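Architecture and fold: a report
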Amino acid sequence: MMTPQNEAELADLVAAAAGPFRIVGGGTRPVGRPVEGDTLSAAKMSGIVDYEPGALTLVARAGTPVEEIEAALAAEGQRLPFEPMDHRGLLGTSGIPTIGGVVAANVSGPRRMAVGAARDFLLGVRFVDGMGRRLKNGGRVMKNVTGYDLVKLAAGSYGTLGVLTEVSFKVLPVPETIATLELSVADGAVAQVAMTRALTSPFEVSGAAVLPGEARLRVILRLEGFAGSVAYRAEQLSALLADLGTVSRIEDAAANAALWQGVRDVVALSGCDLVWRVSATARDLRAGVLEPLQAKTNSLVQLDWAGALGWIGMTAAQAEATGGAKAVHERIQQMVADRAAVPGGGHATLIKGPDDLRADVSVFQPEAPAVAALAQGVRAKFDPKGIFNPGLMG
Amino acid sequence: MQMPEPNLSVLSRKARIVSRLLEVLPNDAVIHDEAETRAYECDALTAYRCPPLVAVLPSTTQEVADVLRICHAEGVPVVPRGSGTSLAGGALPTADCVILGVARMNDVIEVDYDNRFVRVQSGRTNLSVTGAVEADGFFYAPDPSSQLACAIAGNIAMNSGGAHCLKYGVTTNNLLGVTMVLMDGTVVELGGAHMDAGGLDLLGVICGSEGQLGVVTEATLRILPKPEGARPVLMGYDSNEVAGQVVSDIIKAGVLPVAIEFMDRPCIRATEAFAKAGYPDCEALLIVEVEGSDAEIDEQLALITEIARRHNPVELRESTSAEESARIWLGRKSAFGAMGQINDYMCLDGTIPVSQLPYVLRRIGEMSKEYGLGVGNVFHAGDGNMHPLILFDANKPGDLEKCEAFGADILRLCVEVGGCLTGEHGVGIEKRDLMVDQFEPDDLDIQMSVKDVFDPQWLLNPAKVFPLGSSETRRSQALAAE
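Rules used in this analysis
- Residues numbered from 1 in each chain as written.
- Chains lettered and ligands numbered in written order.
- Predicted model: local features only at pLDDT ≥ 70, side-chain atom pairs only at ≥ 80, totals over all residues.
- Heavy atoms only, no water.
- Helix = DSSP H or I, 4+ residues; strand = E, 2+ residues; numbered from the N terminus.
- Rg over C-alpha atoms; globule rule 2.2 N^0.38 Å.
- Buried < 20%, exposed > 50% of the residue type's maximum accessible area, 1.4 Å probe, protein only.
- Contact = heavy atoms within 4.5 Å.
- Expected span 1.5 Å × (residues − 1).
- Core = buried A, V, L, I, M, F, W, Y, C linked by side-chain atoms within 4.5 Å.
- Buried area = accessible area lost by both parts, 1.4 Å probe.
- Salt bridge = Lys/Arg side-chain N within 4 Å of Asp/Glu carboxyl O.
- Polar contact = N/O pair within 3.5 Å; in protein donor to acceptor, adjacent residues only side chain to side chain.
- Nonpolar A, V, L, I, M, F, W, Y, C, P; charged D, E, K, R; others polar.
- Phe/Tyr/Trp six-rings, centres within 6.5 Å; stacked < 30°, edge-to-face > 60°.
- Lys NZ or Arg CZ within 6 Å of the ring centre and 35° of its normal.
- Domains from an automatic or database assignment.
- 1 Å grid on protein atoms, 1.4 Å probe; cavity = no way out; pocket = protein on both sides within 12 Å on 5 of 7 lines; lining within 4 Å.
- Points joined across faces, edges and corners; volume = space filled by probe spheres on them.
- Pairing = 2+ DSSP bridges.
- Axes fitted to C-alpha atoms, helices over the stretch in contact; angles between N-to-C directions.
- Left-handed = near helix turned anticlockwise from the far one by under 90°.

On a plain count of helices and strands, chain B comes out with 19 helices and 18 strands. By the compact-globule yardstick of 23 Å for 482 residues, chain B fits well, its C-alpha radius of gyration being 23 Å. Overall size of chain B, expressed as C-alpha extent along the three principal axes, is 70 × 55 × 40 Å. Considering chain B as a whole, with its 482 residues, one finds that 64% of them fall into the buried category. Intrachain contacts of chain B at a sequence separation of at least 6 include 71% that bridge at least 24 residues.

A separate point is helix α15 (residues 357-371) of chain B. Residue and element names in this part refer to chain B. With 15 residues, α15 should cover 21 Å at 1.5 Å per step; its first-to-last C-alpha distance of 21 Å lies within 8% of that length. Those residues of α15 that sit buried are Leu357, Pro358, Val360, Leu361, Ile364, Met367 and Ser368. Close packing links the buried residues of α15 with α10 (240-252), β13 (259-264), β17 (375-380), β18 (385-392) and α16 (399-416).

This next bit is on the nonpolar core. In this structure, Phe169 and Ile332 of chain A together with Leu202 and Phe454 of chain B are the most contacted members of the largest nonpolar core, which totals 192 residues. Sequence-distant contacts of phenylalanine 169 of chain A, that is, excluding residues within four places in its chain, are made with Leu56, Thr57, Leu58, Leu80, Phe82, Ile99, Val103, Ala118, Phe121, Leu122 and Leu123 of chain A. If you look at the next biggest cluster of nonpolar residues, it comprises 28 residues, including Ala65, Ile70, Met105 and Leu460 of chain B.

Counting residues at the interface gives 97 residues for chain B, matched by 77 residues for chain A. Three residues stand out in chain B for area buried against chain A, namely Met195, Leu200 and Ile446 of chain B, and they jointly supply 12% of the buried area on that side. At the boundary of chain B and chain A, one finds twelve salt bridges. Aspartate 452 of chain B serves as the salt-bridge partner of lysine 381 of chain A, at 4.0 Å between the closest nitrogen and oxygen. Our enumeration of links across chain B and chain A arrives at 34 residue pairs in polar contact (both at pLDDT 80 or more). For the side of chain B that touches chain A, the residue count by class is 39 nonpolar, 34 polar and 24 charged.

Before going further, it helps to examine the packing of aromatic side chains. If you walk through the whole model with that rule in mind, you get twelve aromatic pairs over all chains. When the ring of tyrosine 113 of chain B is compared with that of phenylalanine 138 of chain B, the centres are 4.7 Å apart and the planes differ by 25°; the resulting orientation is stacked. Within this pair, whereas tyrosine 113 of chain B is found in the loop between β5 (108-112) and β6 (117-121), its partner phenylalanine 138 of chain B is found in strand β7 (residues 138-139), the two being separated by 25 residues in sequence. For tyrosine 113 of chain B, a relative accessible area of 22% gives the class partly exposed. Its end group placed over the ring of tryptophan 305 of chain A, arginine 112 of chain A keeps NZ or CZ at 5.8 Å from the ring centre. A cation over a ring is seen here: lysine 451 of chain B above tryptophan 458 of chain B, with NZ or CZ 5.2 Å from the ring centre.

Turning our eyes to something else, we now look at the domain arrangement of chain B. All names here are of chain B. Each assigned domain of chain B is listed here: domain 1 (1-226), domain 2 (230-335) and domain 3 (343-433). With centres defined by C-alpha atoms, the gap from domain 2 to domain 3 works out at 23 Å. Counting from both sides, the interface comprises 14 residues of domain 2 and, opposite them, 14 residues of domain 3. Buried area between domain 2 and domain 3, summed over both chains or domains, comes out near 1,100 Å², and the portion from carbon and sulfur atoms is 65%. Counting across the interface, domain 2 meets domain 3 through one salt bridge. Across the pair glutamate 241 and arginine 362 runs a salt bridge, and its minimum N-O distance is 3.2 Å. Linking domain 2 to domain 3 there are five residue pairs in polar contact (both at pLDDT 80 or more). For the side of domain 2 that touches domain 3, a count of residues per class yields eight nonpolar, two polar and four charged.

Negative phi values dominate among residues other than glycine, just as trans dominates among peptide bonds. In this model, glycine 19 of chain A is joined to proline 20 of chain A through a cis peptide bond whose omega is -5°. Relative to the helices and strands, proline 20 of chain A resides in the loop between α1 (7-16) and β1 (21-24). One non-glycine residue, asparagine 312 of chain B, lies in the positive phi region at around 50°. In this fold, asparagine 312 of chain B is placed in the loop between α12 (294-310) and β15 (315-318). By relative accessible area, which is 62% here, asparagine 312 of chain B ends up exposed. Unusually for a residue other than glycine, asparagine 461 of chain B sits at a positive phi of about 45°. Note on placement: asparagine 461 of chain B falls in the loop between α18 (441-454) and α19 (468-481).

Let's shift gears to empty space enclosed by the protein. Counted under the stated rule, the structure contains five cavities of 30 Å³ or more. Roughly 340 Å³ of internal volume is contained in the largest cavity. Along the walls of the largest cavity sit 27 residues, with Ala105, Asn106, Tyr158 and Arg277 of chain A together with Asp196 of chain B positioned nearest its centre. The element that contributes the greatest number of residues to the lining of the largest cavity is strand β17 (residues 347-352) of chain A, accounting for three residues. Its residues assigned to classes, the lining of the largest cavity shows 14 nonpolar, eight polar and five charged.

With that out of the way, let us pick up the sheet that holds strand β9 (residues 187-191) of chain B. All names here are of chain B. Here we have five strands laid out as an open sheet, ordered β5-β6-β10-β8-β9, and antiparallel in their pairing. Two strands close off the open sheet at either side, each with one partner strand: β5 and β9. Between one strand and the next, the sheet's axes are offset by a mean angle of 10°, whatever the strand orientation. With five bridges joining them, β6 and strand β10 (residues 215-222) adopt antiparallel strand pairing. Residue pairing in the sheet places valine 120 in a bridge with alanine 219 of β10. Where helix α5 (residues 126-133) meets the sheet, its contacts fall on β5, β6 and β10, and the angle it forms with β6 comes to roughly 130°.

Turning our eyes to something else, we now look at the packing of helix α15 (residues 369-382) of chain A against α18 of chain B. How two helices sit against one another is set out by the angle between their axes and by the gap between those axes. Two elements in contact, α15 of chain A and α18 of chain B, have axes whose closest approach is 9 Å; the angle formed by their N-to-C orientations is 145°. Here the hand of the crossing between α15 of chain A and α18 of chain B comes out right-handed. Contacts from Leu374, Gly377, Val378, Lys381 and Phe382 of chain A of α15 of chain A reach α18 of chain B at Ile446, Ser449, Val450, Asp452, Val453 and Phe454 of chain B. Across the contact of α15 of chain A with α18 of chain B, the residue classes break down as seven nonpolar, two polar and two charged.

In this section: the pairing of strand β12 (residues 230-237) of chain B. Residues and elements named next belong to chain B. The buried fraction of β12 amounts to seven of the eight residues, a majority that puts the element mostly inside the structure. With eight bridges connecting them, β12 and strand β14 (residues 284-291) associate as antiparallel partners. By the bridge assignment for β14, valine 233 is matched with valine 288. With four bridges joining them, β12 and β15 adopt antiparallel strand pairing. The partner of glycine 236 across the bridge, within β15, is glutamate 315.

Moving on, we get to the pattern of salt bridges. Evaluation of the coordinates by the stated rule reveals 64 salt bridges over all chains. In this structure, the salt-bridge partner of glutamate 224 of chain A is arginine 79 of chain A, at a minimum N-O distance of 3.0 Å. Of the two residues, glutamate 224 of chain A sits in strand β12 (residues 217-225) while arginine 79 of chain A sits in strand β5 (residues 78-79), which places them 145 residues apart along the sequence. Overall, arginine 79 of chain A belongs to the buried group, its relative accessible area being 18%. As a salt-bridge pair, arginine 88 of chain A and aspartate 86 of chain A come within 2.8 Å of each other at their nearest N and O atoms. Relative accessible area serves as the criterion here: at 17%, aspartate 86 of chain A is assigned to the buried category. What you see here is one network of salt bridges that share partners, running through Asp129, Arg133 and Lys381 of chain A together with Asp442, Asp445, Asp452 and Arg474 of chain B.

This paragraph deals with the side chain of lysine 152 of chain A. Relative to the elements of secondary structure, lysine 152 of chain A occurs in helix α7 (residues 150-154). Discounting residues that sit within four places of it in the chain, lysine 152 of chain A has contacts with Arg119 and Leu122 of chain A together with Thr172, Asp201 and Gly204 of chain B.

Our next topic: the sheet that holds strand β3 (residues 48-52) of chain A. Residue and element names in this part refer to chain A. In spatial order, the strands read β3-β4-β8-β6-β7; together these five strands make up an open sheet with antiparallel pairing. Looking along the sheet, the strands with just one partner apiece sit at the ends: β3 and β7 (134-138). When the angles between neighbouring strand axes are averaged without regard to direction, this sheet yields 10°. Note that β3 and strand β4 (residues 57-61) share four bridges and pair antiparallel. Paired with glutamate 52 across the strands is threonine 57, a residue of β4. With respect to the sheet, α1 is in contact with β6 (122-128), β7 and β8 (163-170), its orientation differing from that of β6 by roughly 50°.

As structure tokens, then:
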């Protein structure tokens, strides 16, 4: 394994190498098609470079552990607003998640729906491209339209465009109070009504999820802010949902933190051998994918983002009983493609599955040919030798 | 401002290009008479003008694709245009170009409250997007000052912001998907109504690419339920340092106002003379606005005014009525007009780290004396996006050049303290030649290589964003290959 200590070392290494490289941060998120190549770790390029609480900005080297950043922010009463998921529980991996990994996979949790994803809070990046050039884009200020926004392009590029060395973020204050409203409902249709009502109200819900239950589903809605405001909104929202069932309230801070961390990390599905992540509008996801799938298959489903993000989990045996994992995978991606209002209007990604399956299928949703050609063209510019995580995204 | 020499071969083929365009567009959508093309000679950066070869006003994505296919085949540069409100010259034509205006494409295609999005044609104005949904209690968040006139197409091209983006983000944070036509006429869909990219986030690089990668014809935008209410508080201070500290303290206290606006003394005086909003005569003025129910607003404003008092304000005025709120905002909203009463002005748009505010304002004051040109500062303090307004006399020989040199020095200062050249207006031609002050040649090369992929012939808005020297090889190779 190669572990450059700084950006200059990394650039020299890349410029001289024939590759290919398997690029990792903490190695906790092995998502995508398995990559053959020498492991290149960014973990040693670590440390917070600059943190200005009064400006809500933080700059860190890509290999900095997420927990180190979260601790520094917490000491000032701030946080990464997009609530990055820790994949270790779901994927059964070990290691230390890094901030570079969060960016590379654009990892965002329940609050994405309300405030934005990792890519929305990412202000700037430094990276080394496939020719060993040290490059920067964006910066450390909140508003910046100077030149093309390669920052967004870097987020979610899974190391296929370059090796990140430094990232800067906008951060936000931790609210004074958090409360969760909980509603037990009989089916997904009612759950969706509850979430839609909450999200179309002015009461600023910062999390809306549906957890699988024994017979009924648990709908949870999160409110954050100053104590008086949270109490007011909880009252209003409870009244708005009263006809759908009994609304209970979780007010204990630790219980709330644990509950939403569980949603964020999709712990409900950690016993599954196969996990798909489906992003589509709530209407397309429920009617186009979940209802037809669940009519034929036993699976576990967690909904987040008010129904616009679905996590679907199965055991190997359950997949076998419905034609095998590969057939299930292709069926899910086909359902997303068929249902989407516009071509490309949603996608399904196989997040967890055995290596041989991930090598055999299109892990990421296939794109329309013209879009795939653009993506391929961009990759060829950033990484002309094709040495960074080749094939990982298809 | 230097622009490339027009392509003589294109100029000589005008009649043929017009007739080909008339094959795919109605007569009234192809403007080629020299008296009429003059209407498109500039955008809101009026110091630079050049009538285009032709202007076209397509009504559908198909018509846009037809136009681009023809221009691609003929090797004609195309400059996309929304409403022409760019302050950076983003829609400035060249003599050999076709202006592709999207003004006729202003329909609402779909409104979905349950899933909280609207899909509109890109020529629709920013404010009329909100207009289409506000009766049902929703709004579109990005609110550039020109929102009455500016088009969504231009908002996407420049990744426009506004006063309320501290809480709601800028265009890129509220844009879910686009239908876009590539220079060769290929129509692509990027994103959709869902919340993240399934592969590379190409949508993210389209937003802010200044019409150089494709022509966006339709956009899916996130809409939000309107807050129950909003209320501003106005505070005045004796020094910029103290006002800057108040901003920082408010942010650190855990309040997230929807807007924190800052005006300095020259700007306060000008707006007071113009709009009579009743502003105090002081060094620095802040307007902080929060949202929510009445009780929530009270809770937040109590905290904010407590912080404000700690720093000995010369004035602290909390709005108690809609009229009072309007008066507080009146001065800020008429700031540009007020400065315009005094003289011609140039509006800058750099962003700085918030902590550098006092230093940068002091330096701007010093430079103002050196150049002998007045300057007023009005800006979005919460996010460090400054709008220095430099006063000059367009009729006085040499004044524009002096003003531009002063502006360039201010923008270099923004970069020097860790900020950037433009926060929400875009580079266009205005800041094009300063890009080398913010970026190394390789940083620009990798950006230009993205354009190589989307528009290999460099026909879309080619003389913008990148210094002509940096893009010359690419532009001339494309010309030679023609």
